[in-house]
Amino acid sequence: MERVHFQQEQMLAELKDLVQKGLFTEKEVKQIMKKRTAFETALVRRIAKKNDYLRYVTYEMGLEALRKKRVERLKLPRSAPSVSDYALVRRQFHIFERALKKFKSDVALWIQYIELAKKEGARSLVGRISARALQLHPNVPALYILAASHELSHLSPSAARTLLQRGIRLNSESVEMWREYARMELGFVESMRRRWDVLGISVDSKGKAKAHPDTAVGGMNEGQVEQMQTEADGAGDESEQARREIMQGAIIKSVVSNAVKVLPKAELFVALHELFATYPTTHELRTALLDHLHTLLQQILPTDPVAARLSATRHLLPGLSGVALIDALKAANEQFSSAVSNVSSLSHENAESMAEAYAGFVEEWVQKNDLNILLKAYLLTSLHAFIHQLTSQNPSRSAPSSLLATHLTLLARNPSLHSHLPYAKNISKLGRRYTSSLPARTNARVWLARFGVEKALNVDEGERKNSYREARAVVQGGDDVLDVWLWGLSESELDHSRKTLALKLLSESLRMQDAPSFRTVHDGLLRQYASLSSHMLPASRLTFFRDLTTSYLPDSSTFEACFHDEKALSSRESAEVLSEIYESWRRRDAVRATLAWAGWLVENGKGKEAGDVVQRARTDVGVGERRQALDEGWRAALERFDARSIVVEQEDDGEDDVEMQQDE
């Protein structure tokens, strides 16, 4: 407690000054001392927590905000600065310093400290904190960006450039670092242009400037940039040439060229494209930079799906309308489909992902509410023709499944478009045609899309049931295989018919135990079947779960779902049902079953019984990883339960603060 007493002594001068100035009353000062003592006591315990420091500094921030409000309201006459003018901010810094001595590896804590120092205008302190943080965490891009932003805000672009280049050397795989470095150089060029405008220096931006190839990692170094700037500020032909190169983006092109050489990923191109397209600069510079970026994109990532979409949609800018929108959309659609066709003809490994990217592009535009209906019809017709073209090239195989599924899905969602489509009379046949050949025949997404089209067209119920039966027979795997089986249940409106169908599907799924998707399908059906028991009486639910356990091979996930569904009912009779589920569940997964059941017992005031359940489980699981998982889970469950009382305590502690600020 000696350290707590020491901190209390350090507070006396500032608190006395606050009272003398009339900013706080003696009663309020006592409340402040009480709160600070509680915080200091929490900090000196053997194992301090980061949240204790953050709660403390948050309280001090609120106190400083309150002090400033009262100074403004009371309109105190100007006088020489006293201790209370800076003590509260200094204490916030001191708390962060103490926290960072214990949590040096916490990057978020460093960032919060830097942000606080920036907010309070402590320029030199921000520099010192940033240097210490970078020394400890040289591989965290956010710290370099924060430090460089601070330097730029204080008109020191050379220091910002040095920081970012150092960060890029150590984090060359960071898209964020390259983007922020390009942003900084773009801001530098824009500031040069405005400076020349003020000085009356004419800038002829015609002609082309090339990126400097022989530059360091990250682009031009400080010396090269300063040399170009000096040349541009002069007079004569050489100065005119230097200004032209700057305005055509030579500096930024150098950064981009080095960036894509070091990090040839689509994410980098997307980030740079968004930066150049949205940064407030001249049309000529924006066009030059985007041209350079997309030239490199075509050279480096010709078959990447993300890159193909970025390149195709380059001219589809926000705000386009009329003829400009029609031309841009047509050009994007033709370029994208051509890229998909080229990749598909070469049987490239990216063929399916490229097709999926194109399907996503068509879906995005067709689903736009403000797009003309004829343009939507054009996209759907183009997609239909493209699918036909790909199928004609290889009649033994279907077109990529993503294209087929997207086409059918859009037809189902947009029945108003059917009258504008030249193939409107054949829409009902498309689903059968698309699911007639591999690989689409075994693809769950295509079948689900077919179900949607048949429903939208009000196809005969018998034909729809035949489609559903055929799909269950041929779809044996994939991410959406369970949705195929559950589709029939979602279409049944009556609980009785749903229960009958669920039992039929469960029996059918038991005959496919050799299929790779057996557990996915069977367990999903079991969970759906179990959910139908919520309206039953407790005794009936008890019998229901017993039959479920003995007849349908449930696994741990099924019991877990049943347990949570029964728990959600919150009825008095649920205890017996939950106990029955637990006893069956623990035979398959003793750890998770015990934690769920014991947690429910604790929540319902049966702590001793919960302890007995956990102790029995510890004996059953023996020594090893399962025992460790059980102990850790039980400890976490108890902490969550105890947290409720902590929240109540915090609310009580906050009442004094509310009283203190009621007059504000």
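About the cut-offs
Residues numbered from 1 in each chain as written. Predicted model: local features only at pLDDT ≥ 70, side-chain atom pairs only at ≥ 80, totals over all residues. Heavy atoms only, no water. Helix = DSSP H or I, 4+ residues; strand = E, 2+ residues; numbered from the N terminus. Buried < 20%, exposed > 50% of the residue type's maximum accessible area, 1.4 Å probe, protein only. Contact = heavy atoms within 4.5 Å. Areas by Shrake-Rupley, 256 points an atom, 1.4 Å probe, with all protein chains shown as cover. 1 Å grid on protein atoms, 1.4 Å probe; cavity = no way out; pocket = protein on both sides within 12 Å on 5 of 7 lines; lining within 4 Å. Points joined across faces, edges and corners; volume = space filled by probe spheres on them. Nonpolar A, V, L, I, M, F, W, Y, C, P; charged D, E, K, R; others polar. Polar contact = N/O pair within 3.5 Å; in protein donor to acceptor, adjacent residues only side chain to side chain. Expected span 1.5 Å × (residues − 1). Salt bridge = Lys/Arg side-chain N within 4 Å of Asp/Glu carboxyl O. Phe/Tyr/Trp six-rings, centres within 6.5 Å; stacked < 30°, edge-to-face > 60°. Axes fitted to C-alpha atoms, helices over the stretch in contact; angles between N-to-C directions. Parallel < 35°, antiparallel > 145°, perpendicular 65-115°, else oblique.

How should I be thinking about the overall build of the protein chain in this particular structure?
Scanning the protein chain from terminus to terminus reveals 31 helices and zero strands. Counting every position in the protein chain, which comprises 664 residues, the buried fraction comes to 46%. Within the protein chain, contacts between residues at least 6 apart in sequence are counted, and of these 66% link residues at least 24 apart. On the protein chain, roughly 34,400 Å² of surface is accessible, and the fraction owed to carbon and sulfur atoms is 52%.

Looking at this model, I keep getting lost on the layout of surface pockets. Mind explaining?
Over the atoms rolls a probe the size of a water molecule, and its path tells where empty space is left. If you add up the space inside the second largest pocket, you get close to 430 Å³. Lining the second largest pocket we find 14 residues, and of these E461, K465, Y468, S492 and L501 sit closest to its centre. Of all the secondary-structure elements, those providing two or more residues to the lining of the second largest pocket are α22 (461-474), α23 (481-491) and α24 (495-510). The element best represented in the lining of the second largest pocket is α22, accounting for six residues. Considering only residue class, the lining of the second largest pocket consists of three nonpolar, four polar and seven charged.

What is the right way to look at the environment of N139 in this model?
With respect to the helices and strands, N139 occurs in the loop between α6 (123-136) and α7 (141-153). Since its relative accessible area comes to 52%, N139 is described here as exposed. Residues N139 and S172 lie 33 residues apart in sequence; the distance between their C-alpha atoms is 9.9 Å. Those residues in contact with N139, other than ones at most four positions away along the chain, are L170 and N171.

Would you mind going over empty space enclosed by the protein with me for this structure?
Overall, the coordinates contain one cavity of 30 Å³ or more when judged by the stated rule. In this structure, the largest cavity encloses a volume near 40 Å³. Forming the boundary of the largest cavity are F545, T549, F559, C562, E580, I581 and S584. Elements represented by at least two residues in the lining of the largest cavity include exactly α26 (538-551), α27 (556-569) and α28 (574-585). A per-element tally of the lining of the largest cavity places α28 first, with three residues. For the lining of the largest cavity, the class distribution of residues is four nonpolar, two polar and one charged.

So what exactly am I meant to see when it comes to the side chain of S84 here?
If you trace the backbone, S84 turns up in helix α4 (residues 83-102). Among the polar contacts listed, one links the side chain of S84 to the side chain of D17, at a separation of 2.7 Å. With sequence-adjacent residues up to four places away left out, S84 is seen in contact with E14, D17, L18, K21 and R67.

Sorry if this is basic, but what is going on with α22 here?
Residue pairs three or four apart in sequence face the same way in an α-helix, which turns once every 3.6 residues. Compared with an ideal rise of 1.5 Å per residue, which puts 14 residues at 20 Å, α22 spans 20 Å between its outermost C-alpha atoms and is within 8% of the ideal. Taken residue by residue, α22 has R464, S467, Y468, A471, R472 and V474 as its buried positions. With a side-chain oxygen lying 3.0 Å from the backbone nitrogen of G462, the N-terminal cap of α22 falls on D460.

Sorry if this is basic, but what is going on with unusual backbone geometry here?
Excluding glycine, most residues fall at negative phi; most peptide bonds, likewise, are trans. At the junction of L438 and P439, the peptide bond is cis and its omega measures out at 0 degrees in the coordinates. Inspection of the secondary structure assignment puts P439 in the loop between α20 (427-434) and α21 (444-456). Backbone geometry at N458 places phi at a positive 55 degrees, although glycine is not the residue there. As for its position among the elements, N458 is in the loop between α21 and α22. A positive phi is found at L553, a non-glycine position, where the angle reads about 50 degrees.

What is the right way to read the side chain of R314 from this model?
Along the chain, R314 falls in the loop between α15 (305-312) and α16 (322-345). Owing to a relative accessible area of 14%, R314 belongs among the buried residues under this scheme. In this structure, R314 is in contact with H273, T287, L290, D291 and H294, ignoring residues within four places of it in sequence.

What's the story with the environment of W365 in this structure? I'm lost.
With respect to the element layout, W365 can be found in helix α17 (residues 351-366). Expressed as a C-alpha distance, the spacing of W365 and L379, which sit 14 residues apart in the sequence, is 8.3 Å. What W365 contacts, discounting residues up to four positions off in sequence, is L316, L325, L329, L371, K376 and L379.

How should the pattern of salt bridges be read in this particular structure?
Pairing is possible between side chains of opposite charge, provided their charged atoms come close. Counted under the stated rule, the structure contains 39 salt bridges. With its nearest N and O atoms 3.0 Å apart, the salt bridge here joins R67 to E64. Here E64 and R67 lie together in helix α3 (residues 50-74), a separation of three residues that amounts to about one turn. Considered together, R67 and E64 belong to a single accessibility category, that of buried residues. A salt bridge links R441 to E470, with the shortest nitrogen-to-oxygen separation between them at 2.9 Å. In this pair, R441 sits in the loop between α20 and α21 while E470 sits in helix α22, placing the two residues 29 residues apart along the sequence. The exposure class of E470 is partly exposed, given its relative accessible area of 29%.

What am I meant to see in the packing of aromatic side chains here?
How two aromatic rings sit relative to each other is given by the distance of their centres and the angle of their planes. Enumeration over the complete set of coordinates arrives at 19 aromatic pairs. With centroids separated by 5.2 Å and ring planes inclined at 10 degrees, the aromatic side chains of F96 and Y113 adopt a geometry described as stacked. One end of the pair, F96, is in helix α4; the other, Y113, is in helix α5 (residues 107-119), with 17 residues separating them in the sequence. Relative accessible area serves as the criterion here: at 3%, F96 is assigned to the buried category. Ring centres of Y529 and Y552 lie 6.2 Å apart, and the angle between their planes is 75 degrees; this geometry places the pair in the edge-to-face category.

Sorry if this is basic, but what is going on with the packing of α5 against α7 here?
Running from N to C, α5 and α7 point in directions that differ by 10 degrees, and their axes come no closer than 11 Å. Considering the angle they form, α5 stands roughly parallel to α7. Of the residues in α7, those touching α5 at V107, I111, I114, E115 and K118 are A142, L143, L146, S149 and H150.

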